Amino acid sequence: MHSPSHPAATAMAVTGGVISWIGEDDLGRAEFPDAQIVDLEGAFVAPAFVDAHVHVTALGLSIIGLDLSDVTSREQCLARLNAYAREHADEVIWGHGWDESRWPDRHPLTTADLDAAAPGRAVYLTRIDVHSAAASTALRQQVPGLTEATGFHPEEPLAAAAHHLLRAYARDALSAKGRATARRAALDTAASLGLVSVHECGGPEIGGLEDFRELLATEHGVQVTGYWGEAARDPDHARELMASTGAAGLAGDLFVDGALGSRTAWLQEPYHDAPHTCGTRHLDAETVEAHLDSCTQAGITAGFHVIGDAAVAQVVEALERVAARHGVPAVARCGHRLEHLEMISAAQAEQLGRLGVIASVQPAFDALWGGPDGMYADRLGVDRGTQLNPLALLASQGVPLAFGSDAPVAPMNPWVTVRAAAHHRTASSSISVRAAFGAATRGGWRAQGIHDGVTGTLAPGAIASYAIWETGDLTINTSQPGVQRWSTDPRSRVPALPDLSDATAVLPKCLQTVHRGKVIHG
């Protein structure tokens, strides 16, 4: 049992969806002689995970539809599209996950590529970051105003406003039944990975309000907390948006900028591999400050999607002005969130820590694109490209961390997230496995405003939300082998975790997921 309050525990009792006791086997049998006993035969029990940033319907569409996230070349990508087009009669072929930065030629899909692979078909294929998409001629011709929108190109993938128009049209072609099937597939997958709660980051340009409302109304064992990315003009408008959407906050993917892979993240200096551009700014300083001010006055969680250093600077400066106007406590009590937060300075991290702003971050991004030979280095140069996602810096400045996947952008498996945080490609940005596990469990609950001190742990009085894992050795990962061996001894009073030191080792397998005392998987 992974319990910081009872590190030697090997058993726990659950009563009415709440952990009523935790300790050792013999004591438990004596304390609860009439209890139903489940022998887990040596399995590992830990608090269930929370994914603090997902796009449920989009993830589901990639699960049940055309998933391109594992293709390694243009030829393989187009062959998969061709096979899918021959086997499916979708009004719009919706695919996701291609990443040209991992292909030999490093060149994105073109309109001609799609037309040749799926002749006459309407095809919409999002790049892995979902900030640009390739589209066939048959689809492009159906979208009003597309050629006049910013970000349009006749052959290259569409970005910015052109992509938003394209995505909205493709989204409207999906049936209500298709959306529902996709949602259930995504939530079932979450439960199978030991997740009991996900934060949906919705907005007008992502899934649309209809999909957002449908998701919040979906009955499933996995708890969905929705954040709506639309800027508020004043406190009354903020309250109206909350009431009309059913959101838990006006945060999530309210885009200040785009993504590095699509060269739409807003930078202070030009891209290394595209010196003609610094990316795209979607919100000006006045809109950002008005949103933060409105939500702070209304006591609502605000937040933004920020990746580039120029975007981060704009938001941090606005936060400081709002704090000067209403006071630091007024800002801190709202639990404002910044999603991704990939490029940040030490001074900015200190400011966020002081203001109680939550960093909702995705460590798997570094595993996918970090390091001196990764996509970040291609886009920004090695010096800038190896300084992204500085988890250790954020933690050192007291910035609360909540881990997510941004699925379908990165793998939803939370052990992938924890391992990526502990084995950052820039070693000085790593955090411990224990801290990473906390950010993937307690951190997600705290990010949605639950500060009772026990939710997200195995302790008496906590909700019985846990997962049971088949795993290998349990340990505390340290640089000193003697300490690591000692830490697995129950007398050390340190709760152990699966050994994630080998980047190629098989990750723990989820045997059962339980939320509030009810089995939702296994």
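The name given to the protein chain in an unreviewed UniProt entry is Imidazolonepropionase, with Mycobacteroides franklinii as the source organism.

Turning to the side chain of Ser294, a few remarks are in order. As for its placement among the helices and strands, Ser294 is situated in helix H10 (residues 285-298). From its side chain, Ser294 meets the backbone nitrogen of Asp234 in a polar contact 3.1 Å long. In terms of polar contacts, Ser294 uses its side chain to reach the backbone carbonyl oxygen of Ala290, at 2.7 Å.

Turning next to the packing of helix H2 (residues 56-64) against helix H7 (residues 176-192). Where H2 meets H7, the closest approach of the two axes is 7 Å, and the angle between their N-to-C directions is 90 degrees. Classed by the angle they form, the pair H2 and H7 counts as roughly perpendicular. In this structure, H2 uses Val56, Thr57, Leu59, Gly60, Leu61, Ile63 and Ile64 to contact H7, whose residues at the interface are Gly178, Arg179, Thr181, Ala182, Arg183, Ala185, Ala186, Leu187 and Thr189. Here the contact of H2 with H7 is composed, by residue class, of nine nonpolar, five polar and two charged.

Further remarks concern the side chain of His336. The topology assignment puts His336 in the loop between helix H12 (328-332) and strand S13 (337-340). The exposure class assigned to His336 is buried, which follows from its relative accessible area of 2%. Here the side chain of His336 touches Thr296 through a polar contact of 2.9 Å, side chain to side chain. Within the structure, His336 has its side chain in polar contact with the backbone nitrogen of Ala302 (distance 2.9 Å).

Another point: the pairing of strand S20 (residues 518-521). Working note: regular strand, side chains alternate between the two faces of the sheet. Inspection of the sheet shows strand S19 (residues 509-515) paired to S20 by three bridges, in the antiparallel sense. In the sheet register, Thr513 faces S20, and the bridge partner there is His521. Joining the antiparallel neighbours S19 and S20 is a turn of two residues, in which Arg516 adopts a positive phi near 55 degrees.

As a further point, take the packing of aromatic side chains. By the definition in use, this model includes 11 aromatic pairs. When the centroid spacing of 5.1 Å and the interplanar angle of 85 degrees are considered together, the rings of Phe49 and Trp415 count as edge-to-face. Of this pair, Phe49 sits in strand S4 (residues 49-54) while Trp415 sits in helix H18 (residues 414-422), and the two are 366 residues apart along the sequence. No difference in accessibility class separates Phe49 from Trp415, as the two residues are buried. Consider the rings of Trp98 and Trp103, whose centres lie 6.1 Å apart with planes at 35 degrees: the pair is tilted. This pair shows no difference in class: Trp98 is buried, exactly as Trp103 is.

This paragraph deals with the pairing of strand S8 (residues 132-135). The two faces of S8 match: Ser132 and Ala134 on one face and Ala133 and Ala135 on the other face are all buried. Pairing of strand S7 (residues 123-127) with S8 involves three bridges; the strand directions are antiparallel. Within S8, the position partnered with Thr126 by the bridge is Ala133. Hairpin geometry of S7 and S8 is characterised by an intervening segment of four residues between the two adjacent antiparallel strands and by a positive phi of about 60 degrees at Val130. Sheet topology note: the S8/strand S9 (residues 158-159) ladder contains two bridges and is antiparallel. Its bridge partner being in S9, Ala133 is matched across the sheet by Leu158.

Moving on to the nonpolar core. By size, the foremost hydrophobic cluster in this structure holds 77 residues, and its most contacted members are Phe304, Leu341 and Phe403. Considering every element that reaches this core, the biggest residue donor is helix H11 (residues 309-326), with nine residues. Built from parts of two domains, this core gets at least three residues from each of domain 1 (11-44 + 464-521) and domain 3 (189-448). Look past the residues within four positions of Phe304 in its chain and what remains in contact with it is Gly252, Leu254, Val256, Leu283, Val288, His291, Leu292, Val315, Arg337, Leu338 and Glu339. Counting residues in each nonpolar core, the second largest holds 19 residues, with Val130, Leu260, Ala274 and Leu388 among its members.

Turning our eyes to something else, we now look at helix H13 (residues 346-355). What H13 keeps buried is the set Gln348, Ala349, Leu352, Gly353 and Leu355. Along its buried surface, H13 packs onto H11, H12, S13 and helix H17 (391-396). Of the residues trailing H13, Gly356 is marked for its positive phi of about 70 degrees.

Quick look at the sheet that holds S8 now. What the five strands build is an open sheet, ordered S5-S6-S7-S8-S9; its pairing is mixed. Edge positions in the open sheet fall to strand S5 (66-67) and S9, since each of these has one partner strand only. Here two bridges tie S5 to strand S6 (residues 93-98), and the two strands are oriented parallel to one another. Bridged to Asp67 within S6 is His96.

Each assigned domain of the protein chain is listed with its residue range as follows: domain 1 (11-44 + 464-521), domain 2 (56-173) and domain 3 (189-448). The C-alpha centroid of domain 3 is placed 31 Å from the C-alpha centroid of domain 1. With 23 residues of domain 1 in contact, the opposing surface of domain 3 contributes 19 residues. Interface area, domain 1 with domain 3, both sides summed: about 1,700 Å², of which 71% is carbon and sulfur.

Strand order in this open sheet of four strands is S12-S13-S14-S15, and the pairing throughout is parallel. Either end of the sheet is taken by a strand with one partner, and the two such strands are strand S12 (303-306) and strand S15 (401-403). Adjacent strand axes in the sheet meet at a mean angle of 25 degrees, parallel and antiparallel pairs treated alike. The pairing of strand S14 (residues 358-361) with S15 spans three bridges and is parallel.

What follows is about the pattern of salt bridges. In the structure shown here, the tally under the stated rule is 22 salt bridges. With its nearest N and O atoms 3.0 Å apart, the salt bridge here joins Asp273 to Arg263. Note that Asp273 is positioned in the loop between helix H9 (235-245) and H10 and Arg263 in the loop between H9 and H10, a separation of 10 residues in sequence. Look at Asp273 and you get partly exposed, because its relative accessible area is 29%. For Asp293, the salt bridge goes to Arg325, with nearest N and O atoms at 2.5 Å. Of the two residues, Asp293 is situated in helix H10 and Arg325 in helix H11; the sequence distance between them amounts to 32 residues.

Cut-offs and rules
Residues numbered from 1 in each chain as written. Predicted model: local features only at pLDDT ≥ 70, side-chain atom pairs only at ≥ 80, totals over all residues. Heavy atoms only, no water. Helix = DSSP H or I, 4+ residues; strand = E, 2+ residues; numbered from the N terminus. Polar contact = N/O pair within 3.5 Å; in protein donor to acceptor, adjacent residues only side chain to side chain. Axes fitted to C-alpha atoms, helices over the stretch in contact; angles between N-to-C directions. Parallel < 35°, antiparallel > 145°, perpendicular 65-115°, else oblique. Contact = heavy atoms within 4.5 Å. Nonpolar A, V, L, I, M, F, W, Y, C, P; charged D, E, K, R; others polar. Buried < 20%, exposed > 50% of the residue type's maximum accessible area, 1.4 Å probe, protein only. Pairing = 2+ DSSP bridges. Phe/Tyr/Trp six-rings, centres within 6.5 Å; stacked < 30°, edge-to-face > 60°. Core = buried A, V, L, I, M, F, W, Y, C linked by side-chain atoms within 4.5 Å. Domains from an automatic or database assignment. Buried area = accessible area lost by both parts, 1.4 Å probe. Salt bridge = Lys/Arg side-chain N within 4 Å of Asp/Glu carboxyl O.

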